[in-house]
Amino acid sequence: MARERFFIRDASLWVGKKIELTGWVRHIRIGGSICFIEVRDGTGLMQAVVVKQEVSEQIFETCTTLKIESSLTITGTLKADARAPGGYEVAVEELEAVSIPEEEYPISKKSHGIDFLLEKRHLWIRSSRQLAILQIRSELAFALRTYFHENGFVLIDTPILTGSIGESAGNLFQTEYFDLGFAYLAQTGQLYLEAAASAFRNVYCFGPTFRAEKSKTRRHLTEFWMLEAEVAYCDSDGNMDLQEDMISYAVRRTVQRCTRQLEEIERDTAPLLQVKPPFERVSYTEAVEMLNKKGFELSWGDDIGGDEETALSEHFSNPVFIYNYPKQTKAFYMKPDPADPKTVLCDDLFAPEGYGEIIGGSQRNDDLMSLERRIKEEGLEPESYDWYLDIRRYGSVPHAGFGLGLERLLSWICGLKHVREAIPFPRLINRIYP
Ligand code: 4AD
Ligand code: MG
């Protein structure tokens, strides 16, 4: 950065020095001739102490008019003080209000209902808990990118406006597209990544993904971020190896770098620190037996729904793979298992502690004829997949990949009850504001 500037996170380097602190008032308390202001600067919290005798009359007067979330600039000397929250405080010499709100700040220390907080999301993100969660999100996203970058994967930015349905026709956002009919908001970047894998071999994408989910569950957003990877010359087992290595790396690195934030949100990190490969691999058929022993009444062929997901993921203390689901429960592009063609070579990775599915992956159907047949069976328009079939026409190879839901992984890492807190501005079936 061009100019050396003070930020609260670097307080230990500035003890005894003159600082200029810019930020917002988190809390203010005036007792007689002394005023304590808790200042938030975006990187941390620090107490500022204004002593009436040591500043101009006008500065102390300004202090009496400050409200929560007033913005201000302070200059003073930084002191280490074990009694101060965070261990440092600034002895104020100058203070200037940048902007003082006319009205009381709507979010107070008392507990508010979730609907109110979501309505005020643009302000709610200033609170300590939300700051911590979104900082962890930032570290986690960076860890994922780093993992792929350092392992030789090429970043391929896949389109958001697409002409072919990526996952299922059931939950598409669609928009008119000039003279060309309809375009859909991407449900996945996968089909394009498959094309890129035949060009670059190991590729990934990371971007927003859209699903018009008609369900209101703690796991579903209508816009979420997905990290997807695709590898040429890779089978389903190799795909699971990659997923467990990536998850272990990303979780470990994020926990190490976010100690303070995880403490802030009171997350017990023990279940996270023990995550390491290999993860247990349980076939769909075994999973159905396990669930029926727990009192569910599943028949072979049924999908594993939300409650079953929760039960399975409470059973294991590490993430667990459920692999090779029945063909009819999964998307058209998955490769049938040659040893048992009722099933496809796929995996879902379930996070423990009841969190459920965080990754969906599979080996892709690399056979032109059977893929063409599946596209027709699913009632998809073959013309819009001609380009996709070209990947099978010209140098088709076994290949596999997966998609990881960022908010799902973050919810587990942070121990959140609902994915809506895992994204800055959640998009839900009943929410598009703010
Ligand atoms: O299992 P899904 O649907 O898989 C795919 O989209 C594949 N095309 C990915 C691939 O193989 N490249 O979605 C992948 C992950 C899920 O495991 C889940 O974590 C997340 O995306 N996800 C959602 N997260 C939040 N809200 C939703 N509505 C989600 N739908 C899927
Ligand atoms: Mg899935």
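The present account deals with the structure reproduced in this document.

Conventions we followed
Along each chain, residue indices are assigned from 1 in the same order as the chain's sequence is written. For naming, the first written chain is A and the first written ligand is 1, with later ones following in the order written. With pLDDT at 70 or above as the cut-off, local features in this predicted model cover only qualifying residues; side-chain atom pairs require 80 or more to be listed or tallied, and sums for whole chains, interfaces and linings still use all residues. As a convention, hydrogens and water are excluded, and side-chain values are obtained from all of the structure's heavy atoms. Residues are labelled near a given molecule or strand when at least one of their non-hydrogen atoms is within 4 Å of it. Two N or O atoms form a polar contact when they lie within 3.5 Å of each other; inside protein one atom must be a possible hydrogen donor and the other a possible acceptor, and for residues adjacent in sequence the pair counts only when both atoms belong to side chains. Per-residue and other accessible areas were derived by the Shrake-Rupley procedure at a 1.4 Å probe size, with only the shown protein chains allowed to occlude residues. Secondary structure counts use DSSP, requiring at least four H or I residues in a row for a helix and at least two E residues in a row for a strand, with both numbered from the N terminus. Throughout, the ten residues Ala, Val, Leu, Ile, Met, Phe, Trp, Tyr, Cys and Pro are labelled nonpolar, Asp, Glu, Lys and Arg are labelled charged, and all others, Gly among them, are labelled polar. When DSSP finds at least two bridges between two strands, those strands are taken to pair. Each nonpolar core is a collection of buried residues, namely Ala, Val, Leu, Ile, Met, Phe, Trp, Tyr and Cys, held together in the definition by side-chain atoms within 4.5 Å. Only protein chains enter the calculation, and the probe is 1.4 Å; a residue is then buried if its accessible area is under 20% of its type maximum, exposed if over 50%, and partly exposed in between. Should any heavy atoms of two residues lie within 4.5 Å, those residues are considered in contact. For Phe, Tyr and Trp, rings pair up if their centres lie within 6.5 Å, where Trp contributes its six-membered ring, and each pair is then called stacked (planes under 30 degrees apart), edge-to-face (over 60) or tilted (otherwise).

1. Focus: the site of ligand 1
Part 1: Taken together, 22 residues form the shell around ligand 1, and within it Glu167, Gln190, Glu228, Glu357 and Ile358 come nearest.
Part 2: Arginine 219 is positioned such that a nitrogen or oxygen atom in its backbone is 3.4 Å from a nitrogen atom of ligand 1.
Part 3: With respect to ligand 1, the backbone of isoleucine 358 contributes an N or O atom lying 2.8 Å from an oxygen atom.
Part 4: Against a free-state accessible area of 630 Å², the protein chains account for coverage of 94% of ligand 1.
Part 5: Listing elements by their share of the shell around ligand 1, those giving two or more residues are β11 (223–232), β17 (356–363) and β18 (399–405).
Part 6: Looking at the shell around ligand 1 residue by residue, the classes come out as 7 nonpolar, 7 polar and 8 charged.

2. Here we look at the sheet that holds strand β7 (residues 161–162)
Part 1: Ordered in space as β7-β9-β8, the 3 strands form an open sheet in which the pairing is antiparallel. Single-partner strands in this sheet number two, and they are β7 and β8 (174–176).
Part 2: For β8 and strand β9 (residues 182–185), the ladder comprises 3 bridges, and the chain directions are antiparallel. Of the residues in β9, the one forming a bridge with glutamate 176 is phenylalanine 182.

3. Digging into the nonpolar core
Part 1: In this structure, Met246 and Ile247 are the most contacted members of the largest nonpolar core, which totals 47 residues.
Part 2: Taken together, the elements giving at least two residues each to this core come down to α4 (128–150), β10 (202–210), β11, α6 (236–257), β16 (346–351), β17, β18 and α13 (406–414).
Part 3: Top element by residues in this core is α4. It accounts for 9 residues.
Part 4: Apart from the residues within four sequence positions on either side, isoleucine 247 is in contact with Phe279, Leu349, Ile358, Ile359, Leu404 and Leu409.
Part 5: Ranked by size, the runner-up nonpolar core spans 31 residues in total, among them Leu191, Val320, Ile322 and Leu389.

4. Considerations on the packing of aromatic side chains
In this description, a pair of aromatic rings is defined by centroid distance and the angle of the planes.
Part 1: Evaluation of the coordinates by the stated rule reveals 15 aromatic pairs.
Part 2: A ring pair is formed by tyrosine 147 and tyrosine 249, whose centres lie 5.5 Å apart and whose planes are at 50°; its orientation type is tilted. Of this pair, tyrosine 147 sits in helix α4 while tyrosine 249 sits in helix α6, and the two are 102 residues apart along the sequence.
Part 3: With a centroid separation of 5.2 Å and an interplanar angle of 20°, the aromatic rings of phenylalanine 148 and tyrosine 204 are classed as stacked. Highlighted residues: phenylalanine 148 in helix α4 and tyrosine 204 in strand β10, separated in sequence by 56 residues.

5. Describing the side chain of histidine 418
Part 1: Along the polypeptide, histidine 418 turns up in the segment after α13.
Part 2: On the basis of relative accessible area, histidine 418 is assigned to the buried category, the value being 13%.
Part 3: At 3.3 Å, the side chain of histidine 418 and the backbone oxygen of threonine 217 are in polar contact.
Part 4: Of note is the side chain of histidine 418, whose polar atom sits 3.0 Å from the backbone nitrogen of arginine 420.
Part 5: The residues contacting histidine 418, other than those within four sequence positions of it, are Thr217, Arg218, Ser411 and Leu428.

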